[in-house]
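Coordinate analysis (summary)
As a plain string of letters, each chain reads:
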Amino acid sequence: MINKQKYREFCKREKDIPIFSKDWWLDSVCEANGWDVVLIEKGGQVTASLPYCKTKKAIFDIITMPKLTQTMGVYIKYPPKQKYYKRLSWEKDMMSKLIDSLPKVDMFSQNFDKCITNWLPFYWTGFEQTTRYTYVIENITIEELEKNLETDIRRRRRKAFKVGVEVFESDDVEKFYELNSMTFSRQGMSTPYSFEFVKKLYDICKQNDAVKMYFAKNSDGIVIAVNFLVYDENTVYYLMGGIHPDFKDLGGMDVVQFESIKFALESGRAFDFEGSMIESIEKYFRSFGAVQKPYFNITKTNSKLLQIRQVVKEILRYR
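What comes next concerns the included structure. (Residues numbered from 1 in each chain as written. Predicted model: local features only at pLDDT ≥ 70, side-chain atom pairs only at ≥ 80, totals over all residues. Heavy atoms only, no water.)

In this section: helix H8 (residues 195-207). Between its terminal C-alpha atoms H8 stretches 18 Å, which fits the 18 Å expected from 13 residues at 1.5 Å a residue. Along H8, the positions that sit buried rather than exposed are Phe197, Val198, Leu201, Tyr202, Ile204 and Cys205. Elements in contact with the buried residues of H8: helix H2 (23-29), helix H7 (173-186), strand S8 (211-217), strand S9 (223-231) and strand S10 (235-243). Backbone geometry just downstream of H8 places Asp209 in the positive-phi region, at approximately 50°. (Helix = DSSP H or I, 4+ residues; strand = E, 2+ residues; numbered from the N terminus. Expected span 1.5 Å × (residues − 1). Buried < 20%, exposed > 50% of the residue type's maximum accessible area, 1.4 Å probe, protein only. Contact = heavy atoms within 4.5 Å.)

Moving on: the layout of surface pockets. For the largest pocket, the calculated volume is near 1,700 Å³. Lining of the largest pocket is provided by 48 residues; of these, Gly275, Ser276, Ile278, Ile281 and Phe285 occupy positions nearest its centre. At the level of secondary structure, the elements contributing two or more residues to the lining of the largest pocket comprise strand S5 (107-111), strand S6 (128-137), helix H6 (151-162), H7, S10, helix H9 (252-266), helix H10 (279-286) and strand S12 (291-301). There is about 610 Å³ of room inside the second largest pocket. What lines the second largest pocket is a set of 19 residues, among which Met107, Thr301, Leu306, Gln310 and Lys313 lie closest to the centre. Of all the secondary-structure elements, those providing two or more residues to the lining of the second largest pocket are strand S3 (60-64), S6, S12 and helix H11 (304-317). Broken down by class, the residue content of the lining of the second largest pocket amounts to five nonpolar, eight polar and six charged. (1 Å grid on protein atoms, 1.4 Å probe; cavity = no way out; pocket = protein on both sides within 12 Å on 5 of 7 lines; lining within 4 Å. Points joined across faces, edges and corners; volume = space filled by probe spheres on them. Nonpolar A, V, L, I, M, F, W, Y, C, P; charged D, E, K, R; others polar.)

Tracing the sequence through the fold places Asp232 in the loop between S9 and S10. Despite its burial, Asp232 pairs with no opposite charge, the nearest such side chain being Arg269 at 5.6 Å. Only 3.0 Å separates the side chain of Asp232 from the backbone nitrogen of Ile19, close enough to count as a polar contact. Among the polar contacts listed, one links the side chain of Asp232 to the backbone nitrogen of Thr235, at a separation of 2.8 Å. Excluding anything up to four places from it in sequence, Asp232 contacts Ile17, Pro18, Ile19, Lys22, Tyr237 and Arg269. (Lys, Arg positive; Asp, Glu negative; His and termini not counted. Salt bridge = Lys/Arg side-chain N within 4 Å of Asp/Glu carboxyl O. Polar contact = N/O pair within 3.5 Å; in protein donor to acceptor, adjacent residues only side chain to side chain.)

Throughout the structure, instances matching the rule amount to 20 salt bridges. A salt bridge links Glu41 to Lys6; its shortest N-O distance comes to 2.9 Å. In this pair, Glu41 sits in strand S1 (residues 35-42) while Lys6 sits in helix H1 (residues 2-13), placing the two residues 35 residues apart along the sequence. In the salt-bridge network here, residues are joined through shared partners; they are Arg8, Asp23 and Asp27.

Further remarks concern the environment of Lys92. Within the secondary structure layout, Lys92 lies in helix H3 (residues 84-101). You can call Lys92 partly exposed: its relative accessible area is 45%. Once the C-alpha coordinates of Lys92 and Phe271 are considered, the two residues, 179 residues apart in sequence, prove to be 30 Å apart.

Here's what the structure looks like:
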């Protein structure tokens, strides 16, 4: 509990901590008692942190990613004006101490923020890494954004405006969840989170001035596309979206996404699509002129039983 209290104060001071690692975000997605944090201190000051969400699956204790949480991982506070080799030494020291302080679990799996490019201390202690990708738009003007759009995006935006599609902001979480659920239903999937979960997350983000939803409606006033953005001091993240299946060809999502990116750029932030390893979704994000950015999924399986299960799953996968 002492660590969590210190971390709450640390989050207030360190404005660059990404939204997904902030204490209030973790309170919502993990519940207040469902997360904890390891801290490293020097001279009475916190210099590194690694929050985690610990859960139990069957008989296994697992540190994993909470729902709707893109990344977590290590945050390091660097001394000013460090030379590069000193920076790497500092990272090694901080990460090694964080690793030593982690609780003993059967499996650890976290996505690290894209700003973490050095995972060697984890490699040296038996962790494994899988590279994943997100797509980011930053440091360009709105005019440059327009020029970078792929031809199909331009065409669909023109069509949307021609048929009277309008974009507006709203706090209607219920309408958002309705269209978001339609998107999953169209793919034969159940929505992986409840309305109550989304509403609670929206409310706490609203309290912290960290959420915005854009809606697109057609000329009859029917909402045809929605998205759910969260943001911190540096980045706007596309967290969730939804399209009405009867109007998916009207370009509603294209105009909604454009307004979202415009909001990010005009507020001095980057726009992060939150990536996808699904080929069709990756192509869509890329079509906005976004730049590919790698981030790391860091894992370690300590349980022998889980290791055997993973090997069996891999064998069956390639049969």
